[in-house]
Amino acid sequence: MSFTVIIPARLASTRLPNKPLADLGGKPMVVRVAERARASGASRIIVATDHQDIATACAAHGVHSCLTRADHPSGTDRIAEVALVLGLADDEVVVNLQGDEPLIDPALLAACAARIRDGVPMATCAHPIADAADAFNPNVVKVVLDKAGRALYFSRATIPWHRDAFAQSRQVLAEGYVPLRHIGLYAYSNAFLQAYPKLESAPLEQIEALEQLRVLWHGYPIAVHVTDSAPPGGVDTPEDLARVRLHYAAS
């Protein structure tokens, strides 16, 4: 299927300044992310950025970019502006790939995009959790699904709560109990992407600090593609950056 990948990339970063321009094997990180997107079969890849330095770095490596306003509250708002500038049709599928995911599996982008159907305007991904520590870690976002593979709820809490097994132990996960970790990759129909920034912020979203809960709170379905294994981690810290640089040095 045809889909567009838009990569939001801000120059400012509290924990890792100038992160999109960090060198990974001779190329800026944002360019490496665009290369992964290109391998997904996307029909178009655009970097959505608030800074000319990022646009200049992209141009030097043949990556298209679009300068946006600097005051967007989220990456979703930023890519919505770019989709509007591009004049995408309402039924065009847009994938939101974060600019700090230089090791993302390209097939995951295509699989997420493919979950957009009539009546399902948004999709995301998840993978099984095998470690009890992750199941109880509030920084690991969990999702529970209905029988059609759509999200019922996202939470930092341990969901679903295994009443009987957890009464016995929280050190290991019970046989047959497979919670799902949410992967922060999203696809949208462009019509919904344009509507999303106008949705009222939801109480659940504010409590959990999870932006996707706004969608469920307003009654829109989110399809979830479940992959067998966890994707490589993104780059949030200097330690993450060192890990990814080792990968490119070895490749």
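Predicted, not measured: the structure shown is a model, and the values here were computed from it.

*Asks:* Residue-level account of helix 2 (residues 52-60), with values.
*Replies:* Within helix 2, burial applies to Ile 54, Ala 55, Ala 57 and Cys 58. Considered in projection along helix 2, the buried side chains sweep an arc of 160° and stay on one side of the axis. Among the exposed residues of helix 2, those pointing more than 90 degrees away from its buried face are Ala 59 and Ala 60. Looking one or two residues past helix 2, Gly 62 carries a phi angle of roughly 75°, positive in sign.

*Asks:* I'd like to hear about the packing of aromatic side chains, residue by residue, with values.
*Replies:* Enumeration according to the criterion identifies 7 aromatic pairs in this entry. Aromatic pair Trp 161 and Phe 166: ring centres 4.7 Å apart, planes at 70°, arrangement edge-to-face. Their ring planes at 90° and their centres at 5.5 Å tell us that Phe 166 and Tyr 177 sit as a pair that is edge-to-face. With a gap of 11 residues between them, Phe 166 in helix 6 (residues 163-168) and Tyr 177 in the loop between helix 6 and strand 10 (180-189) connect regions that are remote in the sequence.

*Asks:* Could you give an account of unusual backbone geometry, with specific residues and numbers?
*Replies:* Glycine aside, negative phi is the norm for most residues, and most peptide bonds take the trans geometry. With an omega dihedral of -10°, the bond running from Ile 159 to Pro 160 counts as a cis peptide bond. Of note, Pro 160 is situated in the loop between strand 9 (151-155) and helix 6. Even without a glycine there, the phi angle at Asn 18 is positive, about 60°. Note on placement: Asn 18 falls in the loop between strand 1 (3-9) and strand 2 (23-24).

*Asks:* Residue-level account of a nonpolar patch on the surface, with values.
*Replies:* A cluster of nonpolar side chains, namely Leu 204, Ile 207 and Trp 217, defines an oily patch on the protein surface of about 320 Å² accessible area. For Trp 217, the position within the fold is in helix 9 (residues 213-217). Given the relative accessible area of 40%, Trp 217 is considered partly exposed.

*Asks:* So what's going on with the pairing of strand 4 (residues 44-49)? Residues and values would help.
*Replies:* Remember that side chains alternate between the two faces of the sheet whenever the strand is regular. For strand 4, the tally of buried residues reaches 5 of 6 residues, placing the bulk of the element in the interior. Two strands pair when backbone bridges link them, and strand 1 and strand 4 are joined in this way by 6 bridges, in the parallel orientation. Within the sheet, the bridge partner assigned to Thr 4 lies in strand 4 and is Arg 44. One ladder, built from 3 bridges, connects strand 4 with strand 5 (residues 65-67); its direction is parallel. Note on strand 5: the bridge partner recorded for Val 47 is Ser 65. Handedness of the crossover joining strand 4 and strand 5 through helix 2: right-handed.

The rules behind these values
- Residues numbered from 1 in each chain as written.
- Predicted model: local features only at pLDDT ≥ 70, side-chain atom pairs only at ≥ 80, totals over all residues.
- Heavy atoms only, no water.
- Buried < 20%, exposed > 50% of the residue type's maximum accessible area, 1.4 Å probe, protein only.
- Helix = DSSP H or I, 4+ residues; strand = E, 2+ residues; numbered from the N terminus.
- Arc of directions from axis to C-beta.
- Phe/Tyr/Trp six-rings, centres within 6.5 Å; stacked < 30°, edge-to-face > 60°.
- Patch = residues over 30% accessible without salt bridge, like charges linked within 9 Å, V, L, I, M, F, W, Y side chains within 5 Å.
- Areas by Shrake-Rupley, 256 points an atom, 1.4 Å probe, with all protein chains shown as cover.
- Salt bridge = Lys/Arg side-chain N within 4 Å of Asp/Glu carboxyl O.
- Pairing = 2+ DSSP bridges.
- Right-handed = clockwise from strand over helix to strand, strands pointing away.

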